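Structural description and commentary
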Amino acid sequence: MTVAQLLDRAKAQQVMIATAESCTGGMVAAALTDIPGSSAVVERGFVTYTNTAKQQMLGVLAETLDTHGAVSEEVAREMAQGALRNSGAQLAVSVTGIAGPGGSEFKPEGRVCFGLAVSGEPTVTETVDFGALGRDNVRRAARDHALDLLSQGLSHDA
């Protein structure tokens, strides 16, 4: 599904979308808002690059960050849920990861965690290891995966 088709489907279903992004720095929201007419369905985007921003803007708990780290499905879940809670959207996607360079044995470069929150449904999370593709490629791959997740979220609301 193209981004334009995703937006058309959201509009037909009267679903507003929010994004909560860390490592992608707003790339998901930018991809959505590159399409004319996207204001009919893109409610807002949160770029929460620091842990403090995740807490202040999305309500991510300090305990979750301390226990699991920013790059975790637990934080991705709280980011997506916070985006729904702090917006007028019914569908939200979150992205938090290590675009590189760098990483560690436990959280390698290219690991990205995603959350998908749909009003009235359990939030789903997943981790994708894109590998050490380089910062730009990891960020683009994460953006595209987040857009795919939004498409999947819209299929739930059909």
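Being a predicted model, the structure only gives us computed values, none of them experimental. (Residues numbered from 1 in each chain as written. Predicted model: local features only at pLDDT ≥ 70, side-chain atom pairs only at ≥ 80, totals over all residues. Heavy atoms only, no water.)

1. Overview of the environment of Gln152
Selection rule: Runs of H or I in DSSP of at least four residues are treated as helices and runs of E of at least two as strands, each being numbered from the N terminus.
With respect to the helices, strands and loops of the structure, Gln152 is situated in helix H6 (residues 135-156). Each C-alpha atom, one on Gln152 and one on Ser38, is 18 Å from the other, the two residues being 114 residues apart in sequence.

2. Some remarks on the pattern of salt bridges
A side chain with one charge can pair with a side chain of the opposite charge if their charged atoms come near. Stated formally: In the sections that follow, a salt bridge refers to a side-chain nitrogen of Lys or Arg positioned within 4 Å of a carboxyl oxygen of Asp or Glu. Using a 1.4 Å probe on the protein chains alone, a residue whose accessible area is under 20% of its type maximum counts as buried, one over 50% counts as exposed, and one in between counts as partly exposed.
The tally for this structure, following the rule as stated, stands at three salt bridges. In this structure, Glu43 and Arg44 form a salt bridge, with 2.5 Å as the shortest nitrogen-oxygen distance. For Glu43, a relative accessible area of 26% translates into the label partly exposed.

3. Quick notes on the nonpolar core
The tendency in soluble globular proteins is for nonpolar side chains to be buried side by side. Definition in use: Grouping buried Ala, Val, Leu, Ile, Met, Phe, Trp, Tyr and Cys residues that are joined through side-chain atoms within 4.5 Å yields what is termed a nonpolar core. The criterion used for residue contact is that any of the two residues' heavy atoms lie within 4.5 Å.
Judged by nonpolar contacts, the single largest core of 30 residues is most densely connected at Val28, Leu32, Leu91, Val95, Val112, Phe114 and Leu150. For this core, the secondary-structure elements that each account for two or more residues are helix H1 (3-12), helix H2 (27-33), strand S3 (91-97), strand S4 (111-118) and H6. With eight residues, H6 is the single largest residue contributor to this core. Setting aside its immediate chain neighbours within four residues, Val112 contacts Cys23, Val95, Thr96, Gly97, Glu126, Thr127, Val128, Phe130, Val138 and Ala142. Counting residues in hydrophobic clusters, the runner-up holds 14 residues, among them Val60, Val75, Ala80 and Ala89.

In short, shape yes, function no, at least from these values alone.
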